[in-house]
Amino acid sequence: MAGRYAFANLTTALLALGADVVLERGGRKPLEQFLADKALVRDVLVEVVVPLVPQRGAWQDLTRVRTDFAVLNAAAVRRGGVVRIAVGARPGAARLALAAMAAADAGDAPGAAPPRRRNWISATTCAHRPPTAGAFAARWSRARSRRSWHEHLLELNGRRADWDVEPGEALLDALRRHGVLSVKRGCDTASCGTCTVLLDGMPVPSCAVPAPRADGRAVTTVEGLPGEAARLGACLAAEGADQCGFCAPGLVVAVVAMSRELTDPDEAAINHYLAGNLCRCGGYVSQTRAIRRYLQEAR
């Protein structure tokens, strides 16, 4: 499970979905066996296979800052009367915590309050709504008849966007393929913050967000923040922090999110919030001065 999606914590979700892996030498194995057997880990991962059956569930992760790696994540998927639960302490270390248990979804009980936050994951879409059995068949038919697997409707910088998304495509790649070139490719492992965008108002590293998760949601890039970008850019220039500019779009997006979320943050709070946004030029001192100036002017 190497590459960007291991860092995206999808291993936990795939375990709960009952996924198998196809190895170059070892053939098809259950994902939990692949993760536990060190000999298999040395094999070449060719394919990840998720059972094409109606199932639904929830996935959640916990991060220190919004653009950093999750420190804890968990997924639970119900298929018929069986629930599979997986928990991960860090990317690549997910384990199947409970293979099967009696299904008991409080959200399905009459009069029960819905969970505060639930991200739906399914066998064919990793989307946010549990599809019906008929929807599985229809989507699978489309997937086999053409290369594009997903059709997605989202809001991009306040405007409707109807996109075809390739299988396994990251939100970063989908944005750039559709002409949003301000979103830069940096580390491809959710480590640098260069590709930060807002997803429903929250900053996320788009290289580690599967594009299907944007279905039905609002995506905002620096183009959607013209006023804030101009004011922050002026502050960066005034404080001598306008360096190569490669990380600037992601930094602007993260700073705007911070200004909306935190009230009068001090320097320590600013540094903590922006810990996932790295500057390869190393100009953090002047950047911090510029950010504090921007926050003061924005009051």
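Residues numbered from 1 in each chain as written. Predicted model: local features only at pLDDT ≥ 70, side-chain atom pairs only at ≥ 80, totals over all residues. Heavy atoms only, no water.

Chemist: Go over the overall build of the protein with me, naming the residues and quoting the values.
Modeler: Per the secondary structure count, the protein includes 10 helices and 13 strands. Each of the 299 residues in the protein was classed as buried or not, and the buried ones make up 44%. Considering only contacts within the protein whose residues lie at least 6 apart along the sequence, 54% involve residues at least 24 apart. Of the roughly 14,800 Å² of accessible surface on the protein, 54% is carried by carbon and sulfur atoms. (Helix = DSSP H or I, 4+ residues; strand = E, 2+ residues; numbered from the N terminus. Buried < 20%, exposed > 50% of the residue type's maximum accessible area, 1.4 Å probe, protein only. Contact = heavy atoms within 4.5 Å. Areas by Shrake-Rupley, 256 points an atom, 1.4 Å probe, with all protein chains shown as cover.)

Chemist: Talk me through unusual backbone geometry; I want residue IDs and the actual numbers.
Modeler: Not every positive phi belongs to a glycine, and Asp200 is a case in point at roughly 55°. Residue position: Asp200 is located in the loop between β11 (196-199) and β12 (202-205).

Chemist: Give me the side chain of Arg217: which residues, what numbers.
Modeler: Positionally, Arg217 belongs in the loop between β12 and β13 (218-220). Judged by its relative accessible area of 19%, Arg217 falls in the buried class.

Chemist: Lay out a nonpolar patch on the surface in plain terms, naming residues and giving numbers.
Modeler: The grouping of Leu62, Leu72 and Val87 at the surface amounts to a nonpolar patch, some 250 Å² of accessible area in total. Along the polypeptide, Leu62 turns up in strand β4 (residues 56-63). (Patch = residues over 30% accessible without salt bridge, like charges linked within 9 Å, V, L, I, M, F, W, Y side chains within 5 Å. Salt bridge = Lys/Arg side-chain N within 4 Å of Asp/Glu carboxyl O.)

Chemist: Outline the pattern of salt bridges, listing residues and values.
Modeler: Where charged atoms of side chains with opposite charge meet at close range, the side chains can pair. Evaluation of the coordinates by the stated rule reveals 13 salt bridges. With a shortest N-O distance of 2.3 Å, Asp173 and Arg185 are connected by a salt bridge. Within this pair, whereas Asp173 is found in helix α6 (residues 171-177), its partner Arg185 is found in the loop between α6 and β11, the two being separated by 12 residues in sequence. The exposure class assigned to Arg185 is partly exposed, which follows from its relative accessible area of 34%. With its nearest N and O atoms 3.0 Å apart, the salt bridge here joins Arg289 to Glu239. You can see Arg289 sitting in helix α10 (residues 284-298) and its partner Glu239 sitting in the loop between α7 (226-238) and α8 (248-261), a full 50 residues away along the chain. A residue is classified by how much of its surface remains accessible, and Arg289, at 40% relative accessible area, is partly exposed.

Chemist: A description of the nonpolar core should follow, citing residues and the corresponding values.
Modeler: Generally speaking, nonpolar side chains in soluble globular proteins are found buried as a group. Ranked by internal contacts, the top residues of the largest apolar core, which has 23 residues, are Val255, Met258, Leu274, Ile291 and Tyr294. Broken down by secondary-structure element, the contributors of at least two residues to this core are α7, α8, α9 (267-273) and α10. If near-sequence neighbours (up to four positions away) are discounted, Val255 is found in contact with Leu232, Leu274, Ile291 and Tyr294. Counting residues in hydrophobic clusters, the runner-up holds 22 residues, among them Leu156, Val165, Ala190 and Val219. (Core = buried A, V, L, I, M, F, W, Y, C linked by side-chain atoms within 4.5 Å.)

Chemist: Let's hear about the sheet that holds strand β3 (residues 45-49): which residues, and what values?
Modeler: Read across the open sheet, the three strands follow the order β2-β1-β3; overall the sheet is antiparallel. The sheet terminates laterally at β2 (27-30) and β3, the two strands that pair on one side only. Strand-to-strand twist across the sheet, computed as the mean angle between neighbouring axes with direction ignored, equals 25°. (Pairing = 2+ DSSP bridges. Axes fitted to C-alpha atoms, helices over the stretch in contact; angles between N-to-C directions.)

Chemist: Residue-level account of α7, with values.
Modeler: Since the α-helix packs 3.6 residues into each turn, any two residues three or four apart lie on the same face. Taking 1.5 Å of rise per residue, 13 residues should cover 18 Å, and α7 covers 18 Å from first to last C-alpha, within 8% of that figure. At its buried positions, α7 is contacted by α8 and α10. Two residues or fewer after α7 comes Gly240, characterised by a positive phi angle close to 70°. (Expected span 1.5 Å × (residues − 1).)

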